[in-house]
Amino acid sequence: MEQSNLLQYFEGKTIFITGATGFLAKVFVEKILRVQPNIKKLFLLIREPANKTIEQRLQEEVVDTELFRVLRGSCGEDFDSLISSKVIPISGDVACENLGITDSELKEILWQEIDIIVNSAATTNFFERYDVAFGINTMGTQHVRDFAIKCSKLEMLLQVSTAYVHGTKSGLIAEEPLHMGDTHPGAEITLLDINVEKMVIEEKLRALQVQKATEKEIVRAMKDLGTGRAKKHGWPNTYVFTKAMGEMVLEKFKEKAKIIVLRPTIITSIFRDPFPGWVEGVRTMDDIFVAYGKGKLKCFVGDPDATLDIIPGDMVVHCMIAAISWHSNVKKGLFVYHVGSSRQNPILLGEVRRIMLRYLTKNPLLDMGGNPIRVQKLKLLNTMPKFHTYISIHYLPFLKIFKLINMLSLNHFESTYSIAKHRVNKALRLAEVYEPYLFSQAIFDDANTENLRVKIRESDMNMDMLNFDPKSIAWDEYLLNTHFQGLVKYAL
């Protein structure tokens, strides 16, 4: 394919997208409609809750979002007709066989029309219930694969994964596929069997049913099971463990189709396209910014010299589009792309801390009364034991005394005590969640991704049209004037 035809490739194509109401999928849909309005169809798989139709979810959670304002402005009166003619919501769920699509006629139409599948459905909760995470991240991918096998025109399947399927490995991490059965060095269980994991989940649920466990007890037990099974196989949490298994189920499909496994690192707000700063919800590491900005976090855990591998959402989507297009004339196989910044333009945790302080000093968050919350430099402790010791010395004695005072006063200070306890628990939870990433010594090699970038640069395309080069990011400028501003504007 000629490089100048990268976007032309999508003309007349039909793309099936899962996880359609998620952040990345929305950015992908908006971008495709804006740069290639001659796309044939975008089928969006959307779960249908009891209180809304999929058409309502499409409108409210996708089309009506601020993300689409540039496209809406450029199309004018034709915007609604563009959406209605190109974007088709499909009721379904990746956790179910046949993706939960029950209409036989509709399934036949999809199998005959789909050219490309983009699987971005996932639960990204690090400590999700094991049955839920396994059902979506692992079995969901298997269900997408099985659905794809029946698509007579299928050209390729793009799986949105995560760079952290590599667990807590350090050093230069190659863009290599995972293989069925893989675990990590030091794992207690040295052979990963997905069928065994499925049985473990089923047996646990049956045991809880026999015990007549409450819903709260079931949730807790299944979350603990996920964390335990992940760590026994060498992964730090349920999310990356189940995403890794999701990659594994695609391995044999490479003999029948082209598979692109895209592994982003920590995804942040839009860099430039369609406009800077847009983000949806408080994502991953932004939890730390919010807790710090609200005065709930004065001390945290992490290595100031660790690389914090972040990448804007639009760059991830641009890489998705470039990879799909470029592989259109490539033979069947499985191709892995890391999309991050640690190899090309690293930023250290200590630098992010400095920039957070600078932003919050100039633009403090407000408390419930509308008063600015002043923050001091965030203290970083370089081991978890030091962090727990700090909490034990500086917070737990205060909590114990407050608890006693509250009891003696017949719960007169219950609200104040609860707030203080919540803050301590929040700090401990954040530390547990992000510890592997705040001490990371991994550098994600992006040789394949860099090769794509070279091909874009060699083409006659405007580089801004599909920019996914992290070297173009000035971190101080982006975090201060784009990301943190966008987070405050769109997510808080």
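Up top is the structure these notes are about.
Residues numbered from 1 in each chain as written. Predicted model: local features only at pLDDT ≥ 70, side-chain atom pairs only at ≥ 80, totals over all residues. Heavy atoms only, no water.

Undergrad: Hey, could you go over the sheet that holds strand β5 (residues 156-160) for me, with residue numbers and the actual values?
TA: With parallel pairing, seven strands are arranged side by side in an open sheet as β3-β2-β1-β4-β5-β7-β11. Sheet topology places β3 (87-91) and β11 (333-339) at the edges, where each strand pairs with a single neighbour. Averaged over all pairs of adjacent strands, the angle between strand axes in this sheet comes to 20°, irrespective of strand direction. Pairing of strand β1 (residues 14-18) with strand β2 (residues 41-46) involves four bridges; the strand directions are parallel. Paired with I15 across the bridge in β2 is L42. With respect to the sheet, helix α2 (residues 54-63) is in contact with β2 and β3, its orientation differing from that of β3 by roughly 130°. (Pairing = 2+ DSSP bridges. Helix = DSSP H or I, 4+ residues; strand = E, 2+ residues; numbered from the N terminus. Axes fitted to C-alpha atoms, helices over the stretch in contact; angles between N-to-C directions. Contact = heavy atoms within 4.5 Å.)

Undergrad: Requested: an account of the nonpolar core, with residues and values cited.
TA: Core analysis: the biggest nonpolar cluster contains 137 residues, and F28, L42, F300 and I324 have the highest contact counts within it. A per-element tally of this core places helix α11 (residues 313-326) first, with 10 residues. For L42, the residues in contact, after removing those within four places along its chain, are I15, I17, V29, I32, L33, K86, V87 and I88. Counting 26 residues, the second largest nonpolar core, distinct from the first, contains I101, I136, F253 and L334. (Core = buried A, V, L, I, M, F, W, Y, C linked by side-chain atoms within 4.5 Å. Buried < 20%, exposed > 50% of the residue type's maximum accessible area, 1.4 Å probe, protein only.)

Undergrad: Outline the state of the cysteines, supporting the account with residue identities and numerical values.
TA: Taken as a whole, this structure holds zero disulfides when the rule is applied. Here C96 stays unpaired: no disulfide links it, and the sulfur of C151, its closest cysteine neighbor, is 17 Å away. (Disulfide = S-S within 2.5 Å.)

Undergrad: Help me get a handle on the side chain of E128, residues and values and all.
TA: By the element assignment, E128 lies in the loop between β4 (116-119) and α6 (130-149). For the buried E128, no salt bridge is present, and the opposite-charge side chain at shortest range is R129, 5.8 Å distant. Within the structure, E128 has its side chain in polar contact with the side chain of T123 (distance 3.1 Å). Those residues in contact with E128, other than ones at most four positions away along the chain, are T123, A133, M222, K223 and T238. (Lys, Arg positive; Asp, Glu negative; His and termini not counted. Salt bridge = Lys/Arg side-chain N within 4 Å of Asp/Glu carboxyl O. Polar contact = N/O pair within 3.5 Å; in protein donor to acceptor, adjacent residues only side chain to side chain.)

Undergrad: I'd like to hear about the packing of aromatic side chains, residue by residue, with values.
TA: One pass over the full model with this rule turns up 19 aromatic pairs. Aromatic pair Y164 and Y437: ring centres 4.8 Å apart, planes at 85°, arrangement edge-to-face. Of this pair, Y164 sits in the loop between β5 and β6 (171-173) while Y437 is found in helix α15 (residues 414-438), placing the two residues 273 residues apart along the sequence. The same class applies to Y164 and to Y437, which are both buried. Aromatic pair F289 and Y359: ring centres 6.0 Å apart, planes at 55°, arrangement tilted. Placement of F289 in helix α10 (residues 286-293) and of Y359 in helix α12 (residues 349-362) is noted, with a sequence separation of 70 residues between them. Over the ring of F275 we find R69; its NZ or CZ atom is 3.8 Å from the centre of that ring. Above the face of the F79 ring, R72 is positioned so that its terminal group lies 4.9 Å from the ring centre. (Phe/Tyr/Trp six-rings, centres within 6.5 Å; stacked < 30°, edge-to-face > 60°. Lys NZ or Arg CZ within 6 Å of the ring centre and 35° of its normal.)

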